[in-house]
Structure formats: C-alpha cells, structure tokens
Amino acid sequence: MSISDMHHDEEIAWEGKWVVAKKRGRWEYVSRARSIRAAVILAVEDGHVLLVEQFRTPLQRPCIELPAGLIGDGVVDGEGGADDEHALDAAGRELEEETGYRAAELVDAGEFFSSPGMVTESFTLVIAKGLTKVGDGGGVSGEDITVHRVPLSDIEGFVARQRASGKAIDVRMLILLASGLLTAAER
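Structure report, in brief. (Residues numbered from 1 in each chain as written. Predicted model: local features only at pLDDT ≥ 70, side-chain atom pairs only at ≥ 80, totals over all residues. Heavy atoms only, no water.)

## Some remarks on helix α2 (residues 87-99)
Consideration 1: Spanning 13 residues, α2 covers 17 Å between terminal C-alpha atoms, matching the ideal 18 Å at 1.5 Å per step.
Consideration 2: For α2, every residue scored as buried is listed here: Ala87, Ala90, Ala91, Arg93, Glu94, Leu95, Glu98 and Thr99.
Consideration 3: For α2, the secondary structure elements touched by its buried residues are β4 (38-45), β5 (48-56), β7 (68-70), β8 (101-113), β9 (122-133) and β10 (146-151). (Helix = DSSP H or I, 4+ residues; strand = E, 2+ residues; numbered from the N terminus. Expected span 1.5 Å × (residues − 1). Buried < 20%, exposed > 50% of the residue type's maximum accessible area, 1.4 Å probe, protein only. Contact = heavy atoms within 4.5 Å.)

Below you can see the structure in the form of structure tokens.
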C-alpha cells in the first residue's frame, strides 16, 4: 500500500458469511468476516509429521496441508466467534478432529500472515508434542479429510509425488521443505 492509500477510509465492496472484500484507496484485499483467525498445527513425532489432504473448492482439487482450523469454529452452535476460543484450544480441537491425534502439549510459535499483499488473514502456528492416537480423524461431517503420517526423511519425495499426481500444496508446507530449499539455493 502506498502512503496515499493509508489516508483513505476502508470501504466494504462485498460481504459474505465468511469473507469480506475491501478497498482502501486503490488497494483491494480480502478479510475473514468477524476477524476470524486460524490455528495451524505442526505435529511432528518419532520422525514423522501429520499432514492432511482435503478438497479445496477454490482450487478445484485436493490440497496437502498441515492440520488447521478456524479459532472459534467450535463454539456458539458452530457459528464461532474469534474471541470465544484460545488459539491453543482451537489447535487441540482441530488436531483431534482432522487427524485423530491428541497432543499432550501445545506450544504457541507465533502469529503469521498468509498472503499480506492480498488478505488480512493471520494464523497462529502451534507446535503439537506428545501425540497419542485417539480416533480416526477425517474432520467433521462433509470435510472428508485424509490423514497422512509422513516420514520427515521423505517429505520432499512425498510432496513431489503429491504434486505430480495433481494435488495442490499449501504454502505452509514450506516449513517442512525449508532446509532442502535452502540447501538447493546454496548450490
């Protein structure tokens, strides 16, 4: 945003149940309705990471991702409320719903922004430790989530195979691919 855009009031161009399109000066961007945030879970144990695969309508294909969910999504009769749930509570709930694993400890690793040039959405990265399998996972009704327990030693190969099969790869997977990418960049 330019300095001149900072001096304009925010205008709402369109508002749906979950997303709001906004404009400030000449800058257009999107926000989640009601300032809802997300929790993204990095669950690594015994040399394996838990990943999920879910069909994403905007992409029209399945996407490989870290487990994640909206903070406040599990309260107030499913309508949620960003202020009604703590990020760590949401992360624990989402981890169990999506993967079937429960964490003995959840650590807040900080707030990050998904695509700050286009959306205001942020997420809290949560590290899950002490995992215990307590169910099948798969998400709530209609989510049809597939759980992948992937050896960290094969993460690059796993991602390459998933990409080659036509699946989308969420940007947050870069957390797991970073050392390989940095090594490649140094060559």
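## A short note on a nonpolar patch on the surface
Consideration 1: Together, Trp14, Trp18 and Val19 make up a nonpolar patch on the protein surface, roughly 300 Å² of accessible area in all.
Consideration 2: Among the structural elements, tryptophan 14 can be located in strand β1 (residues 10-15).
Consideration 3: Taking the relative accessible area as the measure of exposure, tryptophan 14 reaches 52% and is therefore exposed. (Patch = residues over 30% accessible without salt bridge, like charges linked within 9 Å, V, L, I, M, F, W, Y side chains within 5 Å. Areas by Shrake-Rupley, 256 points an atom, 1.4 Å probe, with all protein chains shown as cover. Salt bridge = Lys/Arg side-chain N within 4 Å of Asp/Glu carboxyl O.)

## So, the pattern of salt bridges
Consideration 1: A full pass over the atoms with the stated rule returns 11 salt bridges.
Consideration 2: In this structure, glutamate 85 and arginine 93 form a salt bridge, with 2.8 Å as the shortest nitrogen-oxygen distance.
Consideration 3: Take arginine 93: its relative accessible area is 18%, and that puts it in the buried class.
Consideration 4: Overlapping salt bridges, with partners in common, bring together Glu85, Arg93, Glu94 and Glu97 in one network.

## Re the layout of surface pockets
Consideration 1: Volume-wise, the largest pocket comes out at about 1300 Å³.
Consideration 2: As for the largest pocket, its lining consists of 39 residues, and the residues nearest its centre are Arg32, Arg56, Leu70, Glu121 and Arg172.
Consideration 3: For the lining of the largest pocket, the secondary-structure elements that each account for two or more residues are β3 (27-32), β5, β6 (61-65), β7, α2 and β11 (168-169).
Consideration 4: Across the lining of the largest pocket, the residue classes tally to 16 nonpolar, 10 polar and 13 charged. (1 Å grid on protein atoms, 1.4 Å probe; cavity = no way out; pocket = protein on both sides within 12 Å on 5 of 7 lines; lining within 4 Å. Points joined across faces, edges and corners; volume = space filled by probe spheres on them. Nonpolar A, V, L, I, M, F, W, Y, C, P; charged D, E, K, R; others polar.)

## Focus: the sheet that holds strand β2 (residues 19-24)
Consideration 1: A sheet is described by the order of its strands in space; here 3 strands give the open sequence β1-β2-β3, paired in antiparallel fashion. Strand pairing shows two members of the sheet lacking a second neighbour, β1 and β3, which therefore form its edges. Going across the sheet, the axis of each strand differs from the next one's by a mean of 30°, ignoring polarity.
Consideration 2: Summarising the sheet, β2 and β3 pair through 6 bridges and their orientation is antiparallel. By the bridge assignment, valine 20 is partnered in β3 with serine 31. (Pairing = 2+ DSSP bridges. Axes fitted to C-alpha atoms, helices over the stretch in contact; angles between N-to-C directions.)

## Section: the environment of glutamate 85
Consideration 1: As for its placement among the helices and strands, glutamate 85 is situated in the loop between β7 and α2.
Consideration 2: For glutamate 85, a relative accessible area of 12% gives the class buried.
Consideration 3: Taking the C-alpha atoms as reference, glutamate 85 lies 24 Å from proline 116; in sequence the two are 31 residues apart.
Consideration 4: One polar contact links the side chain of glutamate 85 to the main-chain amide nitrogen of glycine 72, over a distance of 2.7 Å.
Consideration 5: A polar contact of 2.8 Å, which involves the side chain of glutamate 85, links it to the side chain of arginine 93. (Polar contact = N/O pair within 3.5 Å; in protein donor to acceptor, adjacent residues only side chain to side chain.)

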